[in-house]
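# Structural overview for review
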Amino acid sequence: MSDLGTATLPSVGPGEILPFAAARYPDKVGLVVGDRRLTYRELDHLSDGVAASLCARDIGPGDVVSLYGQNSWEWIVSYHGALKAGAVVNPINVMLTGPELSYVLSDCGAKAVFAGPTQANTVSGALEDVASVKLFCVYGRLDGAPAPENAVPWAEFLTPATSTASAAAPEVAPKAMCCIGYTSGTTGHPKGAMQSHQAVLLNCALTATMHGRRDDDIVVTALPAAHVYGNVAINSTFLAGGRVVLMERFDAGQALHLIGIENATMFEGVPAMYSMMLANPSFETAELSSLRKSTIGGQTFSPSLAEHWQARVAGPVLELWGMTEIAGLGTTHSIYAPPVPGSIGVSLPGIEIKIGPMDGSVGEVPANTPGELMVRGPLVMLGYYGRPDATAEVLSPDGWLRTGDIAYVDDTGHYFVVDRLKDMILTAGYNVYPAEIERVISTHPQVTMVAVGKRSDEVKGEVAVAYIVAAPESDLDAEGILEYCREHLAAYKRPREIVFVDTLPTTSSGKLMRRKLAELRTSVR
């Protein structure tokens, strides 16, 4: 490890991260994607070229640049290049359909779109309904297929003349808009959370601090770069001068392989990724001795999952919690603090967290009492783009953000997420939390993954339905699960229906999509 030397610490926004890393470690490999290994000097120069090419096309300060593609080195340098040009970055979930993409691009008034090869045709069609876009650039291999007629190929956009050019970086204010990240849009259209340069940079810096990231860290992750968790995992590592080994898509066997051959010191993922790695036949023989810490977030999970992982992996499993509206993490554990299994940790330094009443009223509930998790501080979004009404619903005049998560705080100041407020099941007058049922069922030795949804019931109002992916060669049946639940759950909490499925619906970041579970129920009958 080394000190900061003469490099100037980033103080305004994430656009300063690569220049900072390149000044300290110019010839060190900072990013590995497939067979491409890029040094910090190369990452910095390539993103300079993106900025110069954008500026040459009159796309710059305040313009929105959208990124719609799988993880790739081009995605990363486009993100940083757009920031260096003074543009506002709009990372888009690759699972969005053409109509959904059209809505997002139109809503934020995107001026440029960078797309991966498998997303090119979707973008091309979506642009028929979007008037604001001036540049549509496609990167990566098109496998012999021509680029859409309205697209500029990456090689033409980033020519040899511009790939090492430097555009004069415009000055940006710390609290100016840096990013518009759209929520998943579980009801109606998604909303664009506006994040400041300060919020994005600060989240990366505080995450690096809490997780003890170092310049000798090698981080393997498949988290989507477009997701705030993935963004922080990548850029907090760059900030510390470590190396990111970025998977295009998650594959359990490949992830275990990469950890071994890259001598990874850290793995970052969501519970579904860990479940799939633990169920992979190569897990028991995989070379995992280099790992010294792991992070897990995005959804509640059973502590037994972490215990199973730690039976073979040294170092702590650092659980965390965050959301789009705060540019990433809000709580996590310090790598040097005593572990508190099942907890999402404590607030990041300088961030206020409290538990408010679930009815949305003003106040705070006592310790160990479930309520709505609320956040205040410099990480909180500026608001929803063009939606003052939606902003007012979640952001109070004194700066408190209502997260929609049910949680409680214990006497030591550690927070525990119970579930999403909107996922709570009201059964015969009782509050039932799907995550609690999931935690119990996931401990069954023949269960690989589980998700719990709800269905209407004439007598009880709503009842729980468990959707289960059984372990390979399992003889598990519905009665076996119900019996297991009778041993571990109160009667009103037990699922009233068991549905066995091959896979569960997840987002691009691997989080379970409970709103899609009802479709599984009808499809398996």
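The structure we're discussing is the one just above.
On a predicted model such as this, the values are computed, not experimentally measured, just so you know. (Residues numbered from 1 in each chain as written. Predicted model: local features only at pLDDT ≥ 70, side-chain atom pairs only at ≥ 80, totals over all residues. Heavy atoms only, no water.)

## Let's talk about the packing of helix 8 (residues 197-210) against helix 9 (residues 228-240)
Contact geometry for helix 8 and helix 9: axes closest at 8 Å, N-to-C directions at 70°. The angle between helix 8 and helix 9 falls in the class roughly perpendicular. When helix 8 is examined against helix 9, the residues V200, N203, C204, A205, T207 and A208 are found in contact with a partner set consisting of N231, V232, N235, S236 and L239. Classifying every residue of the contact of helix 8 with helix 9 gives six nonpolar, five polar and no charged. (Axes fitted to C-alpha atoms, helices over the stretch in contact; angles between N-to-C directions. Helix = DSSP H or I, 4+ residues; strand = E, 2+ residues; numbered from the N terminus. Parallel < 35°, antiparallel > 145°, perpendicular 65-115°, else oblique. Contact = heavy atoms within 4.5 Å. Nonpolar A, V, L, I, M, F, W, Y, C, P; charged D, E, K, R; others polar.)

## Some details on helix 14 (residues 434-441)
Among the eight residues in helix 14, six count as buried, and that is most of the element. Taken together, the buried positions of helix 14 are occupied by P434, A435, I437, E438, V440 and I441. (Buried < 20%, exposed > 50% of the residue type's maximum accessible area, 1.4 Å probe, protein only.)

## Digging into the pairing of strand 1 (residues 29-33)
Within a regular strand, side chains alternate between the sheet's two faces. Judged by how many residues are buried, strand 1 sits mostly within the fold: five of five residues are covered. Joining the antiparallel neighbours strand 1 and strand 2 (residues 36-39) is a turn of two residues, in which G34 adopts a positive phi near 60°. Here strand 1 runs beside strand 11 (residues 243-246); their pairing, made up of two bridges, is parallel. In the sheet register, L31 faces strand 11, and the bridge partner there is V244. (Pairing = 2+ DSSP bridges.)

## Digging into the pairing of strand 10 (residues 218-221)
Side chains I218 and V220 project from strand 10 onto one buried face, and the interleaved V219 and T221 project onto a second face that is buried too. Bridge analysis of strand 10 against strand 11 gives four bridges, and the strand direction is parallel. Paired with I218 across the bridge in strand 11 is R243. You can see the chain leave strand 10, run along helix 9 and come back into strand 11, and the turn it takes is right-handed. Two strands pair when backbone bridges link them, and strand 10 and strand 12 (residues 266-269) are joined in this way by three bridges, in the parallel orientation. Following the sheet pairing, V219 is matched in strand 12 by M266. (Right-handed = clockwise from strand over helix to strand, strands pointing away.)

## Some thoughts on the state of the cysteines
Scanning the entire structure with this criterion turns up zero disulfides. The thiol of C179 is unpaired, and the distance to the nearest cysteine sulfur, on C178, comes to 5.8 Å. (Disulfide = S-S within 2.5 Å.)

## Observations concerning the sheet that holds strand 2
In a beta sheet, neighbouring strands pair by backbone hydrogen bonds and run either parallel or antiparallel. In space, the nine strands of this open sheet follow the order 2-1-11-10-12-13-14-15-16, with mixed pairing throughout. The sheet is open, and its two edges are formed by strand 2 and strand 16 (346-347), each paired on a single side. Contacting strand 1 and strand 2, helix 2 (residues 40-56) crosses the sheet at an angle of about 85° to strand 2. The strands that helix 11 (residues 271-279) touches are strand 12 and strand 13 (293-296); relative to strand 12, the one it contacts most, it runs at about 120°.

No statement about biological role is implied by the geometric values presented.
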